[in-house]
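Remarks on the overall topology
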Amino acid sequence: MTSTSSTFLPDKRSGPSVELPPPDADFARGRARRRLLNWLTAVGFQVPALVLFIGLVLLPMLFALYAAFFRWGGFGMPSDYAGTDNFTRLFQDPVFLGDLWRCLVLVGLSLALQLPFALALAVALNQRLRGRAVYRMLFFAPYVLSEAITGVLFSMVFAPGDGLADHVLGAVGLDGLGGEWFADPSYVMATLFLVMTWKYFGFHMMLYLAGLQSIPAELTEAALIDGAGPWQRFRNVTLPLLAPTLRISVFLSVIGAIQLFDLVWVITQGGPDHHSETMAVTMFQYGFKRYQVGYASAISVVMFGICLVFALAYQRFVLRRDLEGATTNMRGDGK
């Protein structure tokens, strides 16, 4: 005897049929319990990170935006409302305008010199070269050092007269090129950029190496069979396939130049006479040295705005194809 809503099985002990619950009901309840358990597990993992993000990132950002509209020394709650005076003062401050110019110079030098140098090394170390693992380790090692250690190290290397750089130049008869590397306004930014390149080129080199190793060897071999030379293979095969990695590298380099602080503070503290100062150093000087926290907050808001506008524009116009491809793959469309 059967029914659409239940099942009857004979009971061998007593004879009459016994009604059992439909199996679909147990399955549905178990699936609902598993969904609830998975949801609670996901929430349990996300809540601590969300609390930390709100408490340590979001709330300080909102408070900095609030404080930027006050004349505030950092003690008590802001009460002396200044409106947009801090922002007006900001764009009339020759030091901050100089910070913007120096930021553009660092970005330009990074894109024109640092990244091509890292790319050239990555291409060289991607070849069958004896001892290339050692070279990779040596070139990546500077990135492992902290900015503070790097700053102290190069403060000694470029110490006037007694530093390693002056001794090396003197040994090869180029004494006239040495001098006050970080104390001369004419050379301080170039010397800082040299230190930045030494510190960060290894990171970009490893990015490029990862991208190069993801390129199928069959494509390069096919180009070789077709008679393409080394430069043609690089320009027509390697470079287009490496483009997504290059775009990410450029993005990280620009954001890093905008937010540069540690190396400059440890080596020069923005001197001499503000000639090596960056926006982050100026913000620190006003916030923690001069106790003009409202003005420093305005600088931080402008820095955040520059980074945000650049990130959104870069994502919209440069990373658009990469992001669309990643989204398509996550949906499983396979297109």
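The protein is annotated in an unreviewed UniProt entry as Sugar ABC transporter permease of Streptomyces guryensis. Heading Subcellular location (unreviewed entry) of the UniProt record for the protein holds this comment: "Cell membrane". Taken verbatim from the UniProt record of the protein, the Sequence similarities (unreviewed entry) comment is "Belongs to the binding-protein-dependent transport system permease family."

Quick word on the packing of helix H3 (residues 94-125) against helix H7 (residues 188-213)
Closest axis-to-axis distance for the H3/H7 pair is 7 Å, and the angle between their directions is 45°. In this view, H3 runs oblique relative to H7, as classed from their interaxial angle. Viewed along their axes, H3 and H7 form a crossing whose handedness is right-handed. For the contact of H3 with H7, the per-class residue count stands at 20 nonpolar, four polar and one charged.

Section: helix H9 (residues 230-258)
Counted at 1.5 Å a residue, the expected span for H9 with its 29 residues is 42 Å, but the 36 Å between its end C-alpha atoms falls short. At Ala243, H9 shows its largest kink, close to 55°, and the proline Pro244 lies no more than four residues downstream.

Some points on the nonpolar core
Membership of the largest hydrophobic core comes to 41 residues, with the highest contact counts inside it found for Leu106, Phe158, Phe182, Leu192, Val195 and Ile299. Apart from the residues lying within four places of it in its own chain, the contact partners of Leu192 are Phe182, Val264, Ile267, Thr268 and Ser276. Grouped together as the second largest cluster of nonpolar side chains are 14 residues, Ala122, Phe201, Tyr208 and Leu209 included.

Some points on the packing of helix H11 (residues 279-289) against helix H12 (residues 293-317)
Close contact between H11 and H12 brings their axes to 7 Å; oriented N to C, the two are set at 160°. The pairing of H11 with H12 is recorded here as roughly antiparallel in orientation. Where H11 crosses over H12, the handedness of that crossing is left-handed. On the side of H11, the interface is formed by Met279, Ala280, Thr282, Met283, Tyr286 and Gly287, while H12 contributes Val293, Tyr295, Ala296, Ile299, Ser300, Met303 and Ile306. A per-class count over the contact of H11 with H12 returns ten nonpolar, three polar and no charged.

Quick word on the packing of aromatic side chains
Following the criterion strictly, the structure yields 25 aromatic pairs and no others. Residues Tyr66 and Phe70 carry aromatic rings whose centres are separated by 4.8 Å and whose planes lie at 50° to one another, so their mutual orientation is tilted. Ring geometry for Phe154 and Phe158: centres 5.9 Å apart, planes at 20°, overall stacked. Of the two residues examined, Phe154 and Phe158, each falls in the buried class.

Thoughts on the side chain of Thr278
Among the secondary structure elements, Thr278 is positioned in the loop between helix H10 (262-267) and H11. In terms of polar contacts, Thr278 uses its side chain to reach the backbone carbonyl oxygen of Leu260, at 2.8 Å.

Considering the UniProt feature "transmembrane region" (unreviewed entry) in the protein
This chain's UniProt record puts "transmembrane region" (unreviewed entry) on residues 36-69, 104-125, 137-159, 187-210, 241-267 and 293-314. Note that residues 187-210 is 96% helix and 0% strand, and that its end C-alpha atoms are spaced 35 Å apart. Span residues 241-267 is 89% helix and 0% strand, its end C-alpha atoms 39 Å apart.

Regarding the environment of Ala124
Assignment of secondary structure puts Ala124 in helix H3. Looking at Ala124, the relative accessible area reads 39%, which means it is partly exposed. Between the C-alpha atom of Ala124 and that of Leu209, which follows or precedes it by 85 residues, the distance is 9.6 Å.

Remarks on unusual backbone geometry
Each neighbour pair has its own omega, and for Gly271 with Pro272 the value is -5°, a cis peptide bond. Relative to the helices and strands, Pro272 resides in the loop between H10 and H11. Even without being a glycine, Gln269 presents a positive backbone phi close to 55°. Tracing the chain through its elements places Gln269 in the loop between H10 and H11. With a phi angle near 55°, Tyr291 is a residue other than glycine that sits in the positive phi range. Checked against the element boundaries, Tyr291 lands in the loop between H11 and H12. Residue Tyr291 is classed as partly exposed on the basis of its relative accessible area of 48%.

Cut-offs used in this document
- Residues numbered from 1 in each chain as written.
- Predicted model: local features only at pLDDT ≥ 70, side-chain atom pairs only at ≥ 80, totals over all residues.
- Heavy atoms only, no water.
- UniProt positions renumbered as here; feature names shortened; annotations may be inferred.
- Axes fitted to C-alpha atoms, helices over the stretch in contact; angles between N-to-C directions.
- Helix = DSSP H or I, 4+ residues; strand = E, 2+ residues; numbered from the N terminus.
- Parallel < 35°, antiparallel > 145°, perpendicular 65-115°, else oblique.
- Left-handed = near helix turned anticlockwise from the far one by under 90°.
- Nonpolar A, V, L, I, M, F, W, Y, C, P; charged D, E, K, R; others polar.
- Expected span 1.5 Å × (residues − 1).
- Bend = angle between axes of the 7 residues up to and from the residue.
- Core = buried A, V, L, I, M, F, W, Y, C linked by side-chain atoms within 4.5 Å.
- Buried < 20%, exposed > 50% of the residue type's maximum accessible area, 1.4 Å probe, protein only.
- Contact = heavy atoms within 4.5 Å.
- Phe/Tyr/Trp six-rings, centres within 6.5 Å; stacked < 30°, edge-to-face > 60°.
- Polar contact = N/O pair within 3.5 Å; in protein donor to acceptor, adjacent residues only side chain to side chain.

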